[in-house]
Amino acid sequence: MEQPIAMNTLSQILEKLRLKGKDNELKMSDHGKMQSKSLGKIYKPEDLTIVKTYRFEGDSDPADNSVLYLLEDQDKNIGYILDAYGIYSDNEGPSFDDFLKKIPTENRDEQELFS
């Protein structure tokens, strides 16, 4: 049986999502909800589930620290939220963090997500 290739970098995971047709980025809208432009959907926290979290830390530059959340909506569409840690975050104010805290989480296996 072929061993899966470990995905160690952000770009590897984003490319895998793209190849599987699951590269739907969600971003915080001005109205305090998450929006997927590629799917044309707007989400409340209860519409999503975080199914996998990846954390990346740069070797020498704190600005390289990021987190990638893989999410599934109620229609089983997979999307992602990409954010940097702390002061490097693109999402200012507490609304982004408050939104994330309200999303239920699961920890699914990569093979299930990328099959």
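Rules and cut-offs
- Residues numbered from 1 in each chain as written.
- Predicted model: local features only at pLDDT ≥ 70, side-chain atom pairs only at ≥ 80, totals over all residues.
- Heavy atoms only, no water.
- Pairing = 2+ DSSP bridges.
- Helix = DSSP H or I, 4+ residues; strand = E, 2+ residues; numbered from the N terminus.
- Axes fitted to C-alpha atoms, helices over the stretch in contact; angles between N-to-C directions.
- Contact = heavy atoms within 4.5 Å.
- Phe/Tyr/Trp six-rings, centres within 6.5 Å; stacked < 30°, edge-to-face > 60°.
- Buried < 20%, exposed > 50% of the residue type's maximum accessible area, 1.4 Å probe, protein only.
- Arc of directions from axis to C-beta.
- Core = buried A, V, L, I, M, F, W, Y, C linked by side-chain atoms within 4.5 Å.

- In the annotation of an unreviewed UniProt entry, the entry for the chain reads Phosphoribosylpyrophosphate synthetase, and the organism field reads Pedobacter riviphilus.

Overview of the sheet that holds strand S6 (residues 78-84)
Step number 1: Pairing in this open sheet of 6 strands is mixed, and the strands run S3-S2-S1-S6-S5-S4 from one edge to the other. At either end of the open sheet lies a strand with only one pairing partner, and these are strand S3 (41-43) and strand S4 (48-56). This sheet shows a mean twist of 30 degrees between the axes of neighbouring strands, independent of strand direction.
Step number 2: Pairing between strand S5 (residues 66-73) and S6: 7 bridges, direction antiparallel. What sits directly across from Leu68, in S6, is Leu82.
Step number 3: Together, S4, S5 and S6 form the strand contacts of helix H1 (residues 10-19), whose direction differs from that of S5 by roughly 20 degrees.

Observations regarding the packing of aromatic side chains
Two aromatic rings are characterised by how far apart their centres lie and by the angle between their planes.
Step number 1: For the coordinates displayed, the defined rule picks out 1 aromatic pair.
Step number 2: Between Tyr54 and Phe56, the aromatic rings sit 6.3 Å apart at their centres with planes inclined by 15 degrees, giving stacked as the arrangement. Assigned by exposure class, Tyr54 and Phe56 land together as buried.

Thoughts on helix H2 (residues 94-102)
Step number 1: Taken residue by residue, H2 has Phe96, Phe99 and Leu100 as its buried positions. The buried residues of H2 occupy an angular sector of 95 degrees when the element is viewed end-on, so they sit on one face. Relative to its buried face, H2 has exposed residues pointing more than 90 degrees away, namely Pro94, Lys101 and Lys102.
Step number 2: For H2, the elements touching its buried residues are strand S1 (24-28), strand S2 (34-36), S3, S4, S5 and S6.

Quick word on the nonpolar core
Step number 1: Ranked by internal contacts, the top residues of the largest apolar core, which has 13 residues, are Met34, Leu48, Tyr69, Leu71, Ile81, Leu100 and Ile103.
Step number 2: Mapped by element, the contributors of at least two residues to this core are S4, S5 and H2.
Step number 3: Ignoring sequence-local partners within four residues, the contact set of Ile103 consists of Pro45, Leu48, Thr49, Ile50 and Leu71.

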